[in-house]
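# Breakdown of the fold
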Amino acid sequence: PGTPATKGNQRVNDIVFLTPDVGLATTSDGKVYRTSDGAGSWLAVSDTSRQVRKFLFRDGSNGVAVGDNGLFLATTDGGVTWNAKKLAGIGQNLQDVSCASEKVCIMATGTNQLVSTTDAGENGSLVAPSQDPLNTASFAGGTRVAALGATGATAISDDAGATFKPVGGRLAGTYSAMIAGPA
């Protein structure tokens, strides 16, 4: 039933719906698919040849997607078109993204490094807030960022990810995602 989003051995990495009808899916072969009929059919709207791992939309029009080898894509039309940003100096695989504004974002790499951008993905900076792998980072409000990862590693930033300090104790478990609560 329905139209497959991928053919072969590709896997869907992330899926997000902007409305009950409009949704997007990322795949392990570097494609972004879009549906406008509630997942009845899918159309490839971007092909990067690099794995696309995660979406983040600020509203129904403006969003970003991140992936392997520093891939940073941006859309201003609800995912109809995607523009690759340079993210100069970054070659790490990006597996999660959180943005405080249209220009300020932080990305987890699954290593002990995080990547931040303050110019909407044109340039990137590396910061290593932990000796352990960090799988996710999220803006908690304003300039506060929380990063979580393997073996409960936890670090906090109060300057939008420029610097971090470890939290006094580890959280039990390994974390791969965070969801921001109501503002």
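Residues numbered from 1 in each chain as written. Predicted model: local features only at pLDDT ≥ 70, side-chain atom pairs only at ≥ 80, totals over all residues. Heavy atoms only, no water.

On inspection of all chains with the given rule, the structure shows 5 salt bridges. The closest approach of N and O atoms between Asp29 and Lys31, which form a salt bridge, is 3.3 Å. According to the relative accessible area criterion, Asp29 is partly exposed, its value standing at 22%. Its salt-bridge partner being Arg53, residue Asp68 comes within 2.6 Å of it at the nearest N-O pair. On the criterion of sequence distance, the pair formed by Asp68 in the loop between β6 (63-67) and β7 (71-75) and Arg53 in strand β5 (residues 52-57) is long-range, its members being 15 residues apart. (Salt bridge = Lys/Arg side-chain N within 4 Å of Asp/Glu carboxyl O. Buried < 20%, exposed > 50% of the residue type's maximum accessible area, 1.4 Å probe, protein only. Helix = DSSP H or I, 4+ residues; strand = E, 2+ residues; numbered from the N terminus.)

Right, let's get into unusual backbone geometry. Even without being a glycine, Ala120 presents a positive backbone phi close to 60°. Positive phi outside glycine occurs at Ala160, with the angle close to 60°. Residue placement: Ala160 occurs in the loop between β15 (154-157) and β16 (165-166).

Before going further, it helps to examine the layout of surface pockets. One number sums up the size of the second largest pocket: a volume of about 300 Å³. As for the second largest pocket, its lining consists of 17 residues, of which Asn62, Gly63, Thr75, Thr76 and Glu102 are closest to the centre. Among the elements that make up the lining of the second largest pocket, the one with the highest residue count is β7 (3 residues). Tallied by class, the residues present in the lining of the second largest pocket amount to 7 nonpolar, 6 polar and 4 charged. (1 Å grid on protein atoms, 1.4 Å probe; cavity = no way out; pocket = protein on both sides within 12 Å on 5 of 7 lines; lining within 4 Å. Points joined across faces, edges and corners; volume = space filled by probe spheres on them. Nonpolar A, V, L, I, M, F, W, Y, C, P; charged D, E, K, R; others polar.)

Shape is all these values report; function is a separate question.
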